[in-house]
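Structural characterization, general
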Amino acid sequence: MPRSPTVAALIVAGGRGRRAGEGVAKQYRDLGGRPVLARTLERFLDAAAVAAIAVVIHPDDAELYAAAAAPFAGDARLLPPVHGGPERQQSVLAGLETLAGIAPDAVLIHDAVRPFVGRATIEAVATALAGGDDAVCAGVPIVDTIKRADAGGRIAETVPRDGLWRAATPQGFAFAAILAAHRAAATRGDHAAFTDDAAVFAATGGTVRMLACPEDNVKLTTPEDFAAAEQRLLRDAFAACPDVRVGTGYDVHVLEPGDGVTLGGVFIAHDRRLKGHSDADVALHALTDAILGALGDGDIGAHFPPSDMRWRGAASAVFLADAVRRVAARGGLVAHLDVQIVAEEPKIGPHRAAMRAEIARIAGVALDRVGVKATTNERIGFVGRGEGIAALATATIRLPL
Ligand code: MG
């Protein structure tokens, strides 16, 4: 192998996710707001050693793939998707045949549903191939005691764990050798029996070397795997943002005759409406100011001046979304939003759940991170006399230090 081999990656994303139940295939499922496949692709695009990436997909998933790959559309290293076959090894062969067109020296084959693969692992496999290995398999040495049990769950034997590994991906190969091995398996007719590419390669008599990767390079298979992955992403995101900030916001708008009010992004039919330049949603305005306050970044009037005709009649979701975008632009996240609406009429209670859901949607946070409460003003003061509706809000955000 030459000293600076051309390394391609082949991401196997053709599976239908049957083991994880109904719904969209696992590799396209949302994980922390992005498809699993987008996260996997990002890891390989971040690896300097990888010169080209081919993804094998199911023909029915063309639209899902386009959406997942959209953020990387400008990156020439990402090749057009390859349509795979019904079995994994047919898909791998289809991908390898496509890559043969650019004839890389080496290829790293990786499961799309291992989105936590580290750049260090990708680079280590590539480096081992550059150093003369023909086949390298990432994996984790087994530390647990291994039992073999019969169909009734009774232990038949304790399997010596010396030399036992859990195979993972990426698995890296000299390109010509793995292409030949897959073609040979397809010709023999036992292709589908192999569960990984190291086994396909070994069947030709070649030697595969194991290379230790971190435990967290997990394959997402079950709903429990996805739940654990979500928790992990959240934990990592919060840990990266230790600077906790709290901001407050207050807003009030005058009531006038009309056909309804918009509060918390929800229209409520009523014989009055709120007077204002935008839709006069006091709840979203107070929340927007609370976030801007936590950021120390002015207020809603500074960013969206009432004198600007663009905001005439605007849905106030625009303002809240902009404040959340400013948090994201600082590398931060919104941890909690709480708003208190003060109104004699209309009744807020029947609409509270809808408001909460709408605020969570606009802010892109989980429902349990949003509080919506309402009270009257006991018929005293301007709110009590029905002259207007007020809202107070608190936002908790987290920023990197
Ligand atoms: Mg306002």
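Bear in mind the structure is a predicted one, so any value in this text is a computation, not a measurement. (Residues numbered from 1 in each chain as written. Predicted model: local features only at pLDDT ≥ 70, side-chain atom pairs only at ≥ 80, totals over all residues. Heavy atoms only, no water.)

**Side note on the overall build of the chain**
Across its full length, the chain holds 12 helices and 18 strands. Relative to a compact globule of 401 residues, whose C-alpha radius of gyration would be 21 Å, the chain shows 28 Å and is clearly more extended. For the C-alpha atoms alone, the extent of the chain along its principal axes is close to 90 × 55 × 40 Å. The 401 residues of the chain split such that 46% are buried. Taking all contacts inside the chain whose residues are at least 6 apart in sequence as the whole, residues at least 24 apart take part in 73%. Put simply, the chain shows about 19000 Å² of open surface, and 54% of that area lies on carbon and sulfur atoms. (Helix = DSSP H or I, 4+ residues; strand = E, 2+ residues; numbered from the N terminus. Rg over C-alpha atoms; globule rule 2.2 N^0.38 Å. Buried < 20%, exposed > 50% of the residue type's maximum accessible area, 1.4 Å probe, protein only. Contact = heavy atoms within 4.5 Å. Areas by Shrake-Rupley, 256 points an atom, 1.4 Å probe, with all protein chains shown as cover.)

**As for helix H1 (residues 36-45)**
With respect to burial, H1 is a largely interior element, eight of its 10 residues being buried. Those residues of H1 not exposed but buried are Val36, Leu37, Ala38, Arg39, Thr40, Leu41, Phe44 and Leu45.

**Quick word on the pattern of salt bridges**
This model, assessed by the stated rule, comprises 23 salt bridges. One salt bridge in this structure joins Glu42 and Arg34, with 3.4 Å as the shortest N-O distance. Assessed through its relative accessible area of 30%, Glu42 is described here as partly exposed. By relative accessible area, which is 25% here, Arg34 ends up partly exposed. A salt bridge links Arg88 to Asp111; its shortest N-O distance comes to 3.1 Å. Note that Arg88 is positioned in helix H3 (residues 88-99) and Asp111 in strand S6 (residues 106-111), a separation of 23 residues in sequence. We classify Asp111 as buried; its relative accessible area is 8%. A network of salt bridges, in which partner residues are shared, links Arg88, Asp111, Arg114, Asp197 and Lys219. (Salt bridge = Lys/Arg side-chain N within 4 Å of Asp/Glu carboxyl O.)

**Here we look at the packing of H3 against helix H5 (residues 175-188)**
Following both chains from N to C, one finds H3 and H5 inclined at 135°, their axes separated by 10 Å at the closest point. Classified by the angle between their axes, H3 and H5 sit oblique to one another. Handedness of the crossing formed by H3 with H5: left-handed. Facing Gln89, Val92, Leu93, Leu96, Glu97 and Leu99 of H3, the residues of H5 in contact are Phe175, Ile178, Leu179, His182, Arg183 and Ala186. Of the residues contributing to the contact of H3 with H5, the split by class is eight nonpolar, two polar and two charged. (Axes fitted to C-alpha atoms, helices over the stretch in contact; angles between N-to-C directions. Parallel < 35°, antiparallel > 145°, perpendicular 65-115°, else oblique. Left-handed = near helix turned anticlockwise from the far one by under 90°. Nonpolar A, V, L, I, M, F, W, Y, C, P; charged D, E, K, R; others polar.)

**Considering the sheet that holds strand S17 (residues 370-375)**
If you walk across this open sheet you meet the five strands as S15-S12-S18-S16-S17, and the pairing is mixed. Taken across any chain shown, the strands that pair with only one partner, and hence form the sheet edges, are strand S15 (272-274) and S17. Averaged over neighbouring strand pairs, the angle between their axes works out to 20° when direction is ignored. Contacting strand S16 (333-342) and S17, helix H11 (residues 352-363) runs over the sheet at an angle of about 145° to S17. (Pairing = 2+ DSSP bridges.)

**Quick word on the coordination of the magnesium ion**
Coordination of the magnesium ion by the protein involves Asp251 (OD), His253 (NE2) and His285 (ND1), with metal-donor separations of 2.2 to 2.3 Å. One chain supplies every donor to the magnesium ion, and in sequence these donors are spaced D-x1-H-x31-H. Here Asp251 is found in strand S12 (residues 243-257), whereas its partner His285 is found in helix H8 (residues 282-295), with 34 residues between them in sequence. Note on accessibility: Asp251 and His285 belong to one class, buried. (Donors = N, O, S within 2.8 Å, 3.2 Å for Na, K, Ca; no water.)

**Description of a nonpolar patch on the surface**
Together, Tyr250, Val252, Phe382 and Leu392 give the surface a local cluster of nonpolar side chains, amounting to about 340 Å² of exposed area. Examined against the element boundaries, Tyr250 turns out to sit in strand S12. (Patch = residues over 30% accessible without salt bridge, like charges linked within 9 Å, V, L, I, M, F, W, Y side chains within 5 Å.)

**As for the packing of aromatic side chains**
In the structure shown here, the tally under the stated rule is four aromatic pairs. Ring centres 5.5 Å apart and planes at 40° place the aromatic pair Phe173 and Phe201 in the tilted group. Separated by 28 residues along the polypeptide, Phe173 in strand S10 (residues 165-174) and Phe201 in helix H6 (residues 197-202) bring together distant segments of the chain. A relative accessible area of 0% means that Phe173 is categorised as buried. We classify Phe201 as buried; its relative accessible area is 5%. A connected cluster of aromatic rings, assembled from ring pairs, spans Phe304, Trp311 and Phe319. Above the plane of the ring of Phe226 lies Arg29, whose end atom (NZ or CZ) is 5.5 Å from the centre. (Phe/Tyr/Trp six-rings, centres within 6.5 Å; stacked < 30°, edge-to-face > 60°. Lys NZ or Arg CZ within 6 Å of the ring centre and 35° of its normal.)

**Some points on helix H4 (residues 119-130)**
Along its 12 residues, H4 runs 16 Å from first to last C-alpha, staying within 8% of the 16 Å computed at 1.5 Å per residue. Every buried residue belonging to H4 is among Thr121, Ile122, Val125, Ala126, Ala128 and Leu129, and all of these are buried. The buried residues of H4 all sit within an arc of 160° when viewed along its axis, so they share a single face. In H4, the exposed positions that point more than 90 degrees away from the buried face belong to Ala120 and Thr127. Just downstream of H4, Gly132 is the residue with a positive phi angle, here 120°. (Expected span 1.5 Å × (residues − 1). Arc of directions from axis to C-beta.)

**Brief notes about the pairing of strand S1 (residues 7-13)**
Within S1, seven of the seven residues are buried, leaving the element largely enclosed by the surrounding structure. Of the two faces of S1, the one lined by Val7, Ala9, Ile11 and Ala13 and the one lined by Ala8, Leu10 and Val12 are each fully buried. Sheet topology places S1 next to S6; six bridges connect them, and they run parallel. Paired with Val7 across the strands is Ala106, a residue of S6. Alignment of S1 against strand S4 (residues 50-57), held across seven bridges, turns out to be parallel. By the bridge assignment, Val12 is partnered in S4 with Val56.

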